[in-house]
Amino acid sequence: MNPLQEKLAKIIDSERISTESDYLDELSWDALSEGRFHPRHRPELAAPLCAVTPLSTEEVQRLVGFANQEKLSIVPFGGGSGLMGGALSIRPGLVVDLRRMNRILHIDAESRSAQVQAGAVLETVDLALNEHGFILGHDPWTVPVATIGGAISTNSVGYRAGIYGSMGEQVLGLEAVMANGEVMRTRPVQKHSAGLNLNFLLIGGEGCFGIITEATIRIFPKPEARRFGGFLFASFEQGYGAIQQMFQRRLRPALLDFGDDAEKHDGALLYLVFEGNEELTTIEARQAAALCLSHGAKELPSSDAEEFWRERHEIARRFARNRRQRRERGRDGIYRDWIHVALPSSAVLAFRRAARQITERHGVRLQESGLWVQPELFSMRLAAEDGAVADAQLALEEAIEELLRMVQQMGGSMEYTHGVGVKLAPLMAEEHGYGLQVMRQIKQTLDPNNILNPGKMAL
Ligand SMILES: Cc1cc2nc3c(=O)[nH]c(=O)nc-3n(C[C@H](O)[C@H](O)[C@H](O)COP(=O)(O)OP(=O)(O)OC[C@H]3O[C@@H](n4cnc5c(N)ncnc54)[C@H](O)[C@@H]3O)c2cc1C
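Remember, it's a predicted structure, so these values are computed and weren't measured experimentally.

**Digging into the domain arrangement of the protein**
Point 1. Domain parsing of the protein yields domain 1 (101–221), domain 2 (225–315) and domain 3 (328–423).
Point 2. Relative placement of domain 1 and domain 3: their C-alpha centres are 30 Å apart.
Point 3. Counting from both sides, the interface comprises 10 residues of domain 1 and, opposite them, 8 residues of domain 3.
Point 4. Approximately 620 Å² of surface area, both sides summed, lies buried where domain 1 meets domain 3, with 58% of it carried by carbon and sulfur atoms.
Point 5. Interface area lost by domain 1 to domain 3 is led by Thr154, Val157 and Glu206, which between them contribute 63%.
Point 6. Summed over the shared surface of domain 1 and domain 3, the number is 0 salt bridges.
Point 7. Here domain 1 is connected to domain 3 by 3 residue pairs in polar contact (both at pLDDT 80 or more).

This is the structure we're talking about:
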């Protein structure tokens with residue numbers, strides 16, 4: 001045991017303190033791969049000194065107290081599937097692996113809520129809810145990997161967000177250990193008007209303002225019916241028009257996945273899923289189909305959309321099997337990255353047009369434009385190839401920064417689902433203006449020793 005382990009062993013069972021190199025290596029990275037860093041903003045990485053696996057809120061309190069005493073940083077680690085480097089180890093400190101705080105404490109069918117520990121994996125929670133006739137409303141690609149605490153901390157968005165909202169929108173109440181070791185518990189109610197909603201210190205907080213130990217979340221009755229639809233439009237613009245009208249007419253699909261991936265198909269492909277009440281979903285699906293057809297779409301067999309739905313978590317299972325891929329610096333000399341931005345819907349098509357010019361100027365290929373959940377949530381997949389441009393990784397990341405700045409200038413937000421981490425930290429000042437100073441003042445007041453995940457979110 002090294003001296004740090006010896007000190008830690010006084011407050012936590014030594015079997016749950018580790019300096020084993022493979023384990024520390026696993027906990028030092030999330031899903032931000034080497035190839036997605038902006039070469040000019042790549043932070044220095046630093047291996048964690050030690051990993052600790054708490055089992056209770058009280059143990060997390062002890063660890064936070066210890067970190068304050070020793071002036072050590074603490075990185076909360078959930079599923080490690082964050083894509084922006086929120087859980088990346090950039091200071092030698094402690095990593096708190098929350099995955100054993102994974103109990104489902106209470107399912108309240110009458111109140112349609114569940115109280116769970118923060119390290120519970122989304123899929124495990126969903127399966128437990130299924131046995132009681134409920135589902136978890138949050139359904140990202142990473143359902144088999146991501147944890148409740150990690151998903152809240154990135155305010156993540158999933159396939160069904162169209163009707164259930166982001167993970168943050170499903171939070172009723174939270175329990176969190178704050179930087180001074182105090183436990184904050186917010187009231188798990190549907191709505192309150194009794195001061196600030198302090199859940200929002202932690203929703204999207206990436207572990208910088210507190211460590212979430214428990215959450216009470218909304219749960220939803222298993223849908224009576226699920227209706228699938230697939231439509232092929234001649235162009236992105238044509239499909240966008242149909243989707244806008246769908247929302248104008250208050251049709252709200254649980255899943256909306258739209259994109260123009262030229263490598264897979266001509267035109268732009270839309271998958272829709274309506275779920276819930278038997279009769280209402282039939283009407284909604286029929287009206288949505290009529291609308292798409294009136295905009296010139298070709299209707300695809302519903303089995304296409306069903307297959308898409310069935311396969312939707314496969315990519316995350318692959319990620320879980322091969323976490324080392326995060327170290328990759330561009331496969332076959334090709335660098336790939338993407339943006340997920342929120343824009344006023346009136347600006348989406350103008351942004352997409354401008355993006356073509358920006359990417360061309362940087363020698364970057366725009367592989368796909370897409371929408372997820374609603375017309376305002378717009379994404380692009382981009383790639384740059386060694387040989388086609390002088391420094392492919394630099395060209396790609398410069399193009400991305402220019403695109404994100406443009407989104408900000410158009411009144412949008414640079415990211416709607418994956419958080420900031422280290423990757424987007426350099427753009428936080430433009431994103432928030434004076435708001436970033438407010439965040440820094442809150443951080444300084446609550447965490448004067450700057451122990452909670454320092455260096456993330458530009459804090
Ligand atoms: C293949 C793939 C597909 C993905 N698909 C989606 C998708 O569809 N939608 C989507 O939104 N995201 C997606 N992501 C991103 C990722 O799954 C989410 O960001 C996820 O919500 C993070 O959860 P996690 O438990 O893995 O958190 P981690 O990566 O462990 O942590 C994320 C951040 O939260 C902090 N944190 C973790 N636990 C706590 C806690 N208890 N208290 C306080 N802070 C904490 C960490 O320090 C870090 O800053 C995908 C990622 C991959 C690799």
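**Considerations on the pairing of strand β6 (residues 113–117)**
Point 1. Along β6, 4 of the 5 residues are buried, which leaves the element largely enclosed by surrounding structure.
Point 2. As paired elements, strand β5 (residues 104–108) and β6 share 4 bridges and run antiparallel to each other. Looking at β6, one finds that His106 is bridged to Gln115.
Point 3. Connecting β5 to the next strand, β6, in antiparallel fashion are 4 residues, including Arg112 with a positive phi near 50°.
Point 4. Summarising the sheet, β6 and strand β10 (residues 210–218) pair through 5 bridges and their orientation is antiparallel. Paired with Val116 across the strands is Ala215, a residue of β10.

**Things to note about the site of the ligand**
Point 1. The ligand sits among 35 residues. The nearest are Pro76, Ser81, Thr142, Thr147 and Thr417.
Point 2. Between the ligand and Trp141 there is a distance of 3.0 Å, counted from an oxygen atom to a backbone nitrogen or oxygen.
Point 3. Take Thr142: an N or O atom from its side chain is 2.6 Å from an oxygen atom of the ligand.
Point 4. Out of a free accessible area of 980 Å², the ligand has 96% covered by protein chains.
Point 5. Those elements that place two or more of their residues in the shell around the ligand are β3 (74–77), α5 (148–153) and β10.
Point 6. Taken together, the residues of the shell around the ligand break down into 16 nonpolar, 18 polar and 1 charged.
Point 7. Residues from two domains meet in the shell around the ligand; each of domain 1 (101–221) and domain 3 (328–423) gives at least three.

**Comments concerning the environment of Leu8**
Point 1. By the secondary structure assignment, Leu8 is in helix α1 (residues 3–8).
Point 2. Sequence separation of Leu8 and Val95 is 87 residues, and the distance between their C-alpha atoms is 13 Å.
Point 3. In contact with Leu8, not counting residues within four places along its chain, are Ile17, Cys50, Val52, Leu63, Phe66 and Leu94.

**Observations concerning unusual backbone geometry**
Point 1. Positive phi is not limited to glycine here, since Arg112 has a value of about 50°.
Point 2. With respect to the helices, strands and loops of the structure, Arg112 is situated in the loop between β5 and β6.
Point 3. Even without glycine at this site, Val373 takes up a positive phi of about 75°.
Point 4. Note on placement: Val373 falls in the loop between β17 (365–372) and β18 (374–385).
Point 5. By relative accessible area, Val373 is classed as buried at 2%.

**Focus: helix α4 (residues 122–130)**
Point 1. Listing the buried residues of α4 in full gives Leu122, Val125, Asp126 and Leu129. Along the axis of α4, the buried residues cluster in a sector spanning 100°; they form a single face.

**Notes on the pairing of β18**
Point 1. As judged from the 9 bridges shared by strand β16 (residues 334–342) and β18, these two strands associate in the antiparallel manner. Residue pairing in the sheet places His340 in a bridge with Ser379 of β18.
Point 2. Where β17 meets β18, 7 bridges bridge the pair, whose relative direction is antiparallel. Note on β18: the bridge partner recorded for Gly370 is Ser379.
Point 3. What sits between β17 and β18 in their antiparallel hairpin is a turn of 1 residue, with Val373 showing a positive phi close to 75°.

**Section: the pattern of salt bridges**
Point 1. Within the structure shown, the criterion is met by 27 salt bridges.
Point 2. What you see here is one network of salt bridges that share partners, running through Arg36, Asp337, Glu397 and Lys423.

Quick notes on the rules
Residues numbered from 1 in each chain as written. Predicted model: local features only at pLDDT ≥ 70, side-chain atom pairs only at ≥ 80, totals over all residues. Heavy atoms only, no water. Domains from an automatic or database assignment. Contact = heavy atoms within 4.5 Å. Buried area = accessible area lost by both parts, 1.4 Å probe. Salt bridge = Lys/Arg side-chain N within 4 Å of Asp/Glu carboxyl O. Polar contact = N/O pair within 3.5 Å; in protein donor to acceptor, adjacent residues only side chain to side chain. Buried < 20%, exposed > 50% of the residue type's maximum accessible area, 1.4 Å probe, protein only. Helix = DSSP H or I, 4+ residues; strand = E, 2+ residues; numbered from the N terminus. Pairing = 2+ DSSP bridges. Near = heavy atom within 4 Å. Areas by Shrake-Rupley, 256 points an atom, 1.4 Å probe, with all protein chains shown as cover. Nonpolar A, V, L, I, M, F, W, Y, C, P; charged D, E, K, R; others polar. Arc of directions from axis to C-beta.

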